[in-house]
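# Observations on the three-dimensional arrangement
Letter by letter, the chains look like this.
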Protein chains: 2
Amino acid sequence: MSKAYEQLSGLLEKTMALQTSLILFEWDNETLAPEEAGSYTAKVIGILSEEYYRAMTDKAMEDAIEACEQDLSLTSLEKAIVRETKEERERLVCIPSREYREFAQLTAESTRVWMKARQEKNFDAFAPTLEKVIQYQKKFASYRAKEGEALYNVMLDGYEKGFDMNTLDRFFGELKETIVPLLRDIKEKGRKIPSDFLQGDYPEDKQRLLAVMIGEYMGFDFKRGVLGVSAHPFTTNLHNHDVRITTSYNDHVDSSLFSVIHEAGHGLYELGIADELTQTPVGQGASMGMHESQSRFFENIVGRNENFWVPIYGKVQELFPEQLKDITLKQFVDAINKAEPGLIRTEADELTYSLHVMIRYELEKMIVEDNLDIQKLPKIWADKYEEYLGVRPANPAEGVLQDIHWSQGSFGYFPSYALGNAFGAQLYYHMRKIMDFDGLLREGKIDQIRDYLREHIHQYGKLKTSRELLKDTTGEDFNPSYYVQYLKEKFSSLYGLS
Amino acid sequence: MSKAYEQLSGLLEKTMALQTSLILFEWDNETLAPEEAGSYTAKVIGILSEEYYRAMTDKAMEDAIEACEQDLSLTSLEKAIVRETKEERERLVCIPSREYREFAQLTAESTRVWMKARQEKNFDAFAPTLEKVIQYQKKFASYRAKEGEALYNVMLDGYEKGFDMNTLDRFFGELKETIVPLLRDIKEKGRKIPSDFLQGDYPEDKQRLLAVMIGEYMGFDFKRGVLGVSAHPFTTNLHNHDVRITTSYNDHVDSSLFSVIHEAGHGLYELGIADELTQTPVGQGASMGMHESQSRFFENIVGRNENFWVPIYGKVQELFPEQLKDITLKQFVDAINKAEPGLIRTEADELTYSLHVMIRYELEKMIVEDNLDIQKLPKIWADKYEEYLGVRPANPAEGVLQDIHWSQGSFGYFPSYALGNAFGAQLYYHMRKIMDFDGLLREGKIDQIRDYLREHIHQYGKLKTSRELLKDTTGEDFNPSYYVQYLKEKFSSLYGLS
């Protein structure tokens, strides 16, 4: 190890340790911390975050990065770490520390304001705070923007390198063109799919057994992972030997089941990252979209594929004989694939999900680029839902107030959800060419599918961007057509329209 | 707030935040972290610990302490915080940073070595490591020792201010004189107490309900606290609004039950510390002994008192009708008080517990003051058990290798366990004078007992030493006679010897 890199490495150890502690606090808050711990623990978290900010923006870090950039002896891994560190540093250092602190305070509060407004179904109670959050986000984007660069492109690039409004307009355009009419067809001419049996008296302890069984079947290693419970399912990790997923249990058995498959998909990604990368700035998934591609790949392309259930549906029936003993595999698989336009993104099915995201994308563009009057948001939101999905929210709680993201200042983040679906479909069409995808699933050889993804995607962490991973794996740049084709084929067939 | 104190306070915020993160990692390790996370997480913990060490020993901290000491405008709380900070700093700064790191590495490993040796029942496998740990501990004590001060006194004072070998020799002397013969009498002439029914098919979910019920009954506030599960029960806290206790469940219902009462006793102490003290260096219990006094007060003086069970034994019977419906309150209370000499400290009953501690105290004195040849430890250990308790370990796993403490370098710590019992008894005899202790318990007014302790002990945190708390509460300096008297009266009566 060169002297310059050793210096940087020492500084990074500290920032990584602080970041890991923040991740643990977040995990603990979501899964366990007592109700009234809030403000006291928030203060501790605030201090550790500031310590992280200070260490990253410190002159010593700048010097170490510069020394490394001039050092020709660095390995390619070391170079990548320098590059990521520099980017993270620039992301932070361009924001004056006073504004950084102000914004941290604002979002600590804005989440609470949003939560209350949602409870009260009152958009006006949230609007002034949202307005402030937007102003900060625009200001922060302007600090990072290149000459003449659109602010929303800066935001998009922050979540998904190399993706801008041009690419996304084309992507969502193609999607809208195909899915909106398909959805109308299904409504008018599609067959009815019964799915009542997925709801009922599914005991929590058995759902937990099912969750563990499915996690193990997918290859989620419980010696290096944990399954917890939280209001909103999520995945996090301290490093690649401690990966944590959560779910929540209710009377819809498919709800926790597909949460687990989804989060275990994220988990497999983190477990698959190479040991030498973990606890470094390149030791996480390539991007939010690539992460979502893996979770949705397992949730939908694998988990809602009939062949996936062939080796294990019998065990599911054994767990819930009362509810499922008379339900055939075919009936079960049809039910878990049922598509029905709804108001809530997190409850959306595979077909309609990306339309929810598209609406947010269109609104974010208007907010950031066209300075949309925030007061108009609820109505435009409702109009778009009516136009694309044929449903209209009765109040802002089931409309514009449903997501936490904007209250946290995450603008440009939503599109990654839809991109993840598209990345996954592109990978899927490629994999079908080189392996007997359905056959492997049918024979219970899901490990071969997982290992393929580990080899081509997971192990690299942030060494490659999502576009590079797609290109290197499928031989083709990002191409949204696969996703549209996948949805069209699958749902036309499911609803007897083809 | 004065300028000098503001400076110190800013530095302390960081050290407290780091300490809190270390506490959370420890909690997580004991209760949840996956099996193979070990070495990766250990590295993160190591870095955060070093960060803590660095912040405490930094010149800026020294300067801030000095400035505060010269500042006459400090409040008494601020003065106490300065005093505690200075002590903690001196404890760390006197150790050269190289040795501090070496010892941290040694204990990280020594715990594993000890664990393996215990599994293999092989003392020789642990002896060389133990020898090293002892040498470090002696060296560290010598750095802190005043001219001519005995090293073991330095160690004792580190855990319990104002207690030295003189005090402890008298304390254990009195104990030995009374308890050893009493135990022989019980064995020879005492009546037989049936307790088989405490073991059996006690379902874990019901034991968990019992644990929560008892915790709530004692006033452990679950809005500010958590009950978890770990191999060895313990209590920890992030601050006074997040206090965490654990238990473990097995087929002895009294095992988890009294773990919970014990840990909730610790928990009530932490919950009772004043808000203005928490997240400062005086925001923990006064000492390890005073902490243990509260846990054992609730476990034994309250929890094994017949009157405690009068209002709630019916509910316990309802939870476990199969096992307890024919067991009277009297039979239940007799059984949970049964005294039987055994080999394992953590399983010891109220009467014999302090004898286990006494043996460790006598051995530690020999190790530190008389340079006892470590090879002789297993035999001396066995001889002392035979002499005081009438039992002899068949192997080192149930003898000298049973406790983790020495592998961690905790010499001088054990006596606090016994002192805690004595502090509790002294408080108890005082409280009986000023309130109808048994009557309150019988009427379910345990809150009045808890509130008394909160008012006189808990709220002060480290503002007073354990001796000061005893003096201010009972009007008397530490007096071990109450404890001996308590044991003698209680167990003579229980076994029909009086």
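Read on for an overview of the structure.

Moving on to the overall build of chain A. A count of helical and extended segments in chain A gives 22 helices and 3 strands. Compactness check: chain A gives a C-alpha radius of gyration of 23 Å against a globular reference of 23 Å for 498 residues, within 12% of the reference. If one aligns the C-alpha atoms of chain A with their principal axes, the spans along those axes are about 65 × 50 × 50 Å. Relative to its full complement of 498 residues, chain A shows a buried share of 56%. Of the contacts made within chain A by residues no fewer than 6 positions apart, 74% connect residues no fewer than 24 positions apart. The positive charge centre, built from 59 side chains, and the negative charge centre, built from 81, are 2 Å apart in chain A.

So, about the relation of the copies chain B and chain A. Put simply, the second copy of the chain is the first one after a rotation about an axis and a shift along it. The transform that puts chain B on chain A rotates by 180 degrees and translates by 0.0 Å along the axis, for an RMSD of 0.0 Å. Such a turn and shift between the copies fits a two-fold axis. Relative to the rotation axis, the C-alpha of S21 of chain B is the closest in chain B, positioned 3.1 Å from it. In this assembly, 100% of the residues forming the interface of chain B have copies in chain A that are likewise at the interface, indicating an isologous arrangement.

On to the side chain of E99 of chain A. Its place among the elements puts E99 of chain A in helix α5 (residues 97–119). With sequence-adjacent residues up to four places away left out, E99 of chain A is seen in contact with Y136, K139, F140 and Y143 of chain A.

Our focus in this paragraph is the interface of chain B and chain A. Contact with chain B, which involves 37 residues of that partner, is made by 37 residues of chain A. When chain B packs against chain A, close to 3100 Å² is buried across both sides, 69% of that on carbon and sulfur atoms. Where E51 of chain B meets K14 of chain A, a salt bridge forms, and the shortest distance between an N and an O atom there is 3.3 Å. At the boundary of chain B and chain A, one finds 13 residue pairs in polar contact (both at pLDDT 80 or more). Residue assignment for the side of chain B that touches chain A shows that the elements contributing at least two residues are α1 (3–31), α2 (38–57), β1 (225–229), β2 (235–239) and β3 (242–247) of chain B. In terms of residues, the side of chain B that touches chain A owes the most to one element, α1 of chain B, which gives 10 residues. Here the residues of the side of chain B that touches chain A sort into 16 nonpolar, 9 polar and 12 charged.

A few words on helix α22 (residues 481–494) of chain B. All names here are of chain B. Compared with the 20 Å implied by 1.5 Å per residue over 14 residues, the 20 Å span of α22 between its first and last C-alpha is a close match. Every buried residue of α22 is listed here: Y482, Y483, V484, Y486, L487, K490, F491, S492 and L494. Immediately downstream of α22, the backbone of G496 shows phi near 65 degrees, a positive value.

Okay, the sheet that holds β2 of chain B next. All names here are of chain B. Overall, mixed pairing links the 3 strands, which are arranged β1-β3-β2 in an open sheet. A single partner strand is all that each edge strand has here, and the edge strands are β1 and β2. Within the sheet, the average angular offset between the axes of one strand and its neighbour, ignoring direction, is 20 degrees. Judged from the 4 bridges that link them, β2 and β3 form a sheet pairing that is antiparallel. Within the sheet, the bridge partner assigned to H239 lies in β3 and is D242. Sheet strands touched by α1: β1, β2 and β3. Its angle to β2, the strand with the most contacts, is close to 145 degrees.

A separate point is the pattern of salt bridges. The tally for this structure, following the rule as stated, stands at 76 salt bridges over all chains. Residue E204 of chain A is joined to R208 of chain A by a salt bridge in which the shortest nitrogen-to-oxygen separation is 3.4 Å. Here E204 of chain A pairs with R208 of chain A, and both are found in helix α9 (residues 204–218), just 4 residues apart, close to one helical turn. The partner of K161 of chain B in a salt bridge is E84 of chain B, with the nearest N and O atoms 3.4 Å apart. With K161 of chain B in the loop between α7 (151–159) and α8 (165–189) and E84 of chain B in helix α4 (residues 76–93), this residue pair connects regions lying 77 residues apart in the sequence.

The subject of this paragraph is the nonpolar core. Within the largest apolar cluster, 315 residues are counted, with the highest numbers of intra-cluster contacts made by W309 of chain A together with W309 of chain B. In this view, W309 of chain A contacts I214, L257, F258, I261, G303, V316, L329, F332, V333 and I336 of chain A; residues no more than four positions away in its chain are not counted.

Residue and element names in this part refer to chain A. For helix α21 (residues 466–474), the set of buried residues is S466, L469, L470, T473 and T474. Taken around the axis of α21, the buried residues stretch over an arc of 100 degrees, which confines them to a single face. The inward-facing, buried residues of α21 contact α10 (253–272), α11 (288–302), α18 (414–434) and α20 (446–456). Note on α21: the residue one or two positions beyond its end, G475, has a positive phi of about 80 degrees.

With that settled, the discussion passes to the sheet that holds strand β2 (residues 235–239) of chain A. Residue and element names in this part refer to chain A. An order of β1-β3-β2 is seen for the 3 strands of this open sheet, with the pairing classed as mixed. What marks the edges here is a single partner per strand, and that holds for β1 (225–229) and β2. The sheet shows a mean angle of 20 degrees between the axes of neighbouring strands, taken without regard to direction. Relative to strand β3 (residues 242–247), β1 runs parallel, the two being bridged by 5 bridges. In the sheet register, V226 faces β3, and the bridge partner there is R244. Across the sheet, α10 touches β1, β2 and β3, and the angle it forms with β3 is around 165 degrees.

So, on to unusual backbone geometry. Residue and element names in this part refer to chain B. Positive phi, normally seen in glycine, also occurs at Q279, with a value near 60 degrees. Structurally, the position occupied by Q279 is in the loop between α10 (253–272) and α11 (288–302). You can call Q279 partly exposed: its relative accessible area is 23%. Positioned with a positive phi, N371 is a non-glycine residue whose angle comes to about 50 degrees. With respect to the secondary-structure elements, N371 resides in the loop between α16 (353–369) and α17 (377–389). Residue N371 is classed as exposed on the basis of its relative accessible area of 54%.

This part covers the side chain of N307 of chain B. Residue and element names in this part refer to chain B. Tracing the backbone through its elements, the reader meets N307 in helix α12 (residues 306–309). Within the local environment of N307, its side chain forms a polar contact with the side chain of D438, the two groups lying 3.5 Å apart. Sequence-distant contacts of N307, that is, excluding residues within four places in its chain, are made with D438, L441 and R442.

Cut-offs and rules
- Residues numbered from 1 in each chain as written.
- Chains lettered and ligands numbered in written order.
- Predicted model: local features only at pLDDT ≥ 70, side-chain atom pairs only at ≥ 80, totals over all residues.
- Heavy atoms only, no water.
- Helix = DSSP H or I, 4+ residues; strand = E, 2+ residues; numbered from the N terminus.
- Rg over C-alpha atoms; globule rule 2.2 N^0.38 Å.
- Buried < 20%, exposed > 50% of the residue type's maximum accessible area, 1.4 Å probe, protein only.
- Contact = heavy atoms within 4.5 Å.
- Lys, Arg positive; Asp, Glu negative; His and termini not counted.
- Charge placed at Lys NZ, Arg CZ, Asp CG, Glu CD.
- Least-squares fit on C-alpha atoms with pLDDT ≥ 70 in both.
- Buried area = accessible area lost by both parts, 1.4 Å probe.
- Salt bridge = Lys/Arg side-chain N within 4 Å of Asp/Glu carboxyl O.
- Polar contact = N/O pair within 3.5 Å; in protein donor to acceptor, adjacent residues only side chain to side chain.
- Nonpolar A, V, L, I, M, F, W, Y, C, P; charged D, E, K, R; others polar.
- Expected span 1.5 Å × (residues − 1).
- Pairing = 2+ DSSP bridges.
- Axes fitted to C-alpha atoms, helices over the stretch in contact; angles between N-to-C directions.
- Core = buried A, V, L, I, M, F, W, Y, C linked by side-chain atoms within 4.5 Å.
- Arc of directions from axis to C-beta.

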